[in-house]
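Observations on the model geometry
Chain by chain, the residues run as shown.
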Amino acid sequence: MTRPIFTLQSLTLFLIIIVAGLFMFSAASGDSIIIKESSQTLFNINFHADKIVFNVRLLSILLSLILIFFIYWWAKELIGYTWALLPAFLTAFSSMILGYGHYATPNIFSALSILITVYFFLKSLHSPSKTNLIITGLLFGLAQFTSLLALVLIPYFILIALIFYGRNLSLAIKNLALIFIIGYVIIVYPAYIFSDWNHSADKQIMNMENNLQIFSPQPAKFIIGLAKIKALRPIAQYTSDTLVFLSSPKGISNQNPWYYLSAYSKKESIPALLILLLGTVLSIWNIFINTKIKYRKIRDSFNEYLQTNFSEFSLFIFSVLYVAFISNLPASHIAYIIPIIPFIYILASCPIKKWFNIHPTPIATSALERFGNRMSRMINFWIKTLIIIILTIWLILEMILAAPYFLSYTNEFAKKSNNYIYSTMNFDQGQDLKRLQRWTKGNLEPDEKIAVDYFGDGDCAKYLGEQCVDWQSSKGDPKDQNIKCFAVSLANLQNGLMPLSVDAIRNPSDEYRWLENPNNPTDHAGKTILIYELLN
């Protein structure tokens, strides 16, 4: 029997997608260009840079909505049409997705390509066919070209294939080899040729030589040698990019493994975190119950679990591998978390659904006891339902109040921790310059100047014109030059004020010592540009 297209679940999903799209559209309209969203060159040569970036942002929003839909599409196969709405909803109203899903950056495309690739890889295991393997290979190649974060798919595919095929090692090697060959030969290699089409060979080789200076001479020399052969230059470029991405320069250590957990716990909304916590606790409880084995061996129990929950197990393995992978990268950015968000929300939704299906049913020996059992099941169900409803309403209200400042959103944990490093790296990326423009027009006379200490890739002079006076702390007090207003990006201000580590050194002229009451600005533009009225 064919399922109707217009069902309560499909209409709810449509509403979720529409609301999320409106949220992101409002943020895309109000935010200025953020760091790494476009080059400064674009501003210098094109007056319509904002329009160009906004059009690309619309594509990113579309990809974000496709991501939400695909999460539902996959989750319905695991937990049914109704419960699949939960991970789709959590993703749609995630401050991470709303925060980064409307920018012209590859973060969402990377998350979508990784998610779809994993889906089709698992499908090729459960429904083996050449078509599924070819699709997986093509998607794998697209994911590799889109983002080097997709490198984690290589060990993940190998591990999952070995577990799935067991002793049939030859079949695992054959299928993995086909996927990797298709991905790299048909997608990555031609894509690198096309992307470097307008770049001269000498310039490419020079860039590679500069990037590979941090490595020992032998591998660098080998890669440069490959680059000098035209047919092998795309391979050399990809290898160079990969090595630079994965390797830490001398003297720079890897990130603290707990960095991403700490950053995510401050960036995501508290109701979403509580739902994740609930799913985690329920999963641990289910594992504890199922491993209280009296008559079965642990191995037999694990094999039985894999037969019925292999997809869930595969999602969990990916999550663990991905966190370990990004935790060991030399560079860190909270946006690296985005590809894992769909996986953890699907994983959290699975035990919650099972939790709803648990109903204590004591043996009834009378009509009164049977009635009591029915009442107990109803109360049990509605209490659980009330918990989920409260958390979902809380999440919706939280995002409504946060709009359109999703990138600068932090929950109460972050506000209480006063973590300078977290705020500087993940709160302010230069997104409020257009809002400073509106503030200037509404609060200053056309001939009044404003000193601006801006952090970001936007062009202050483009937005504020001759009213903008580029400023840094080392220039001293702007009022000494008859400038009565000073605007400073939160990132710059915190870099000048945050406590230093024992071995760190900072020039006193960079500490804004001339600024009275830095913690009490007169006004602000958006959430990240603080404005001070400099009184005589």
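Residues numbered from 1 in each chain as written. Predicted model: local features only at pLDDT ≥ 70, side-chain atom pairs only at ≥ 80, totals over all residues. Heavy atoms only, no water.

**Some points on the nonpolar core**
Inclusion rule: Nonpolar cores were defined as sets of buried Ala, Val, Leu, Ile, Met, Phe, Trp, Tyr and Cys residues, with membership established by side-chain atoms within 4.5 Å. Here's how the labels work: a residue is buried when its accessible area is under 20% of the maximum for its type, exposed when over 50%, partly exposed in between, all with a 1.4 Å probe on protein chains only. The contact criterion used is simple: two residues touch if any of their non-hydrogen atoms lie within 4.5 Å.
Counting residues in each nonpolar core, the largest one holds 114 residues, and the members touching the most others are F121, L153, Y156 and I352. Every residue in contact with L153, bar those within four places of it in the chain, is listed here: I114, T117, V118, F140, A143, Q144 and F318. L433, Y463, C468 and C485 belong to the second-largest nonpolar core, a separate cluster that totals 16 residues.

**Structural notes on the confidence of the model for the protein**
Stated precisely, the cut-off is as follows: pLDDT runs from 0 to 100 and stands for how confident the predictor is about each residue. Note on conventions: DSSP H or I runs of at least 4 residues are helices, E runs of at least 2 residues are strands, and numbering of each starts at the N terminus.
Residues with a pLDDT of 70 or more make up 86% of the protein, whose mean pLDDT is 84. Taken element by element, the predicted model of the protein shows its lowest mean pLDDT in helix α2 (residues 40-45) (45) and its highest in helix α4 (residues 85-92) (96). When the criterion is pLDDT under 50, residues 250-254 qualifies, and its contacts beyond four places in sequence or with other chains add up to eight contacts. Confidence drops under pLDDT 50 across residues 419-423; counting only partners more than four residues distant or on other chains, this segment forms 14 contacts.

**Thoughts on the pairing of strand β3 (residues 485-489)**
Rules: Note on pairing: two strands pair once DSSP finds at least 2 bridges between them.
For β3, the buried fraction is high: five of the five residues fall into the buried class. Taken together, the four bridges between strand β1 (residues 450-453) and β3 define a ladder with parallel strand orientation. Along β3, the bridge assignment pairs I450 with C485. Relative to strand β5 (residues 529-533), β3 runs antiparallel, the two being bridged by five bridges. When the bridges of β5 are listed, S489 appears paired with I529.

**Considering the packing of aromatic side chains**
Selection criterion: Each pair of aromatic rings taken from Phe, Tyr and Trp, with Trp reduced to its six-membered ring, is defined by centres within 6.5 Å and is described as stacked if the planes are under 30 degrees apart, edge-to-face if over 60, and tilted in the remaining cases.
What the rule picks out here adds up to 31 aromatic pairs. Note on F164 and F310: the rings are 5.3 Å apart at their centroids and 65° apart in plane angle, and the pair reads as edge-to-face. With F164 in helix α8 (residues 153-165) and F310 in helix α15 (residues 298-327), this pair connects stretches of sequence that are 146 residues apart. Judged by relative accessible area, F164 falls into the partly exposed class, the value being 31%.

**Here we look at the state of the cysteines**
A covalent bond between the sulfur atoms of two cysteines is referred to as a disulfide. Formally: Criterion for a disulfide: a pair of cysteine sulfur atoms at a distance within 2.5 Å.
Scanning all chains against the criterion turns up one disulfide. The disulfide partner of C460 is C468, and the gap between their sulfur atoms is 2.4 Å. Note on the C460 and C468 pair: the S-S dihedral is about 120°, so by sign convention the disulfide is right-handed. Across the pair, exposure class does not vary: C460 and C468 are buried alike.

**Section: unusual backbone geometry**
Residue P404 follows A403 across a cis peptide bond; omega there is -5°. By secondary structure assignment, the location of P404 is in the loop between α17 (367-402) and α18 (412-417). One non-glycine residue with positive phi stands out, namely N482, at about 65°. Of note, N482 is situated in the loop between β2 (468-470) and β3.

**Concerning the sheet that holds β5**
Heads up, the rule is: Lines fitted to C-alpha atoms define the axes here, with helix axes fitted over just the stretch in contact, and angles between the N-to-C directions of these axes take values from 0 to 180 degrees.
The five strands lie next to each other as β2-β1-β3-β5-β4, forming an open sheet whose pairing is mixed. The open sheet terminates on both sides in strands that have one partner only, identified here as β2 and β4 (523-525). Going from strand to strand, the sheet's axes swing by 30° on average, the running direction of each strand aside. The strands touched by helix α22 (residues 490-497) within the sheet are β1, β3 and β5, with β3 carrying the most contacts at an inclination of about 85°.

**A closer look at the pattern of salt bridges**
Put simply, the rule reads: Salt bridges are defined by distance alone: a side-chain nitrogen of Lys or Arg within 4 Å of a carboxyl oxygen of Asp or Glu.
Taken as a whole and judged by the stated rule, the model has six salt bridges. For K479, the salt bridge is made with D477, and the minimal N-O distance between the two is 3.8 Å. For D477, a relative accessible area of 11% puts it in the buried group. Where R506 meets E511, a salt bridge forms, and the shortest distance between an N and an O atom there is 3.1 Å. Three or more residues are tied together by salt bridges with common partners; here these are D31, D432 and R435.

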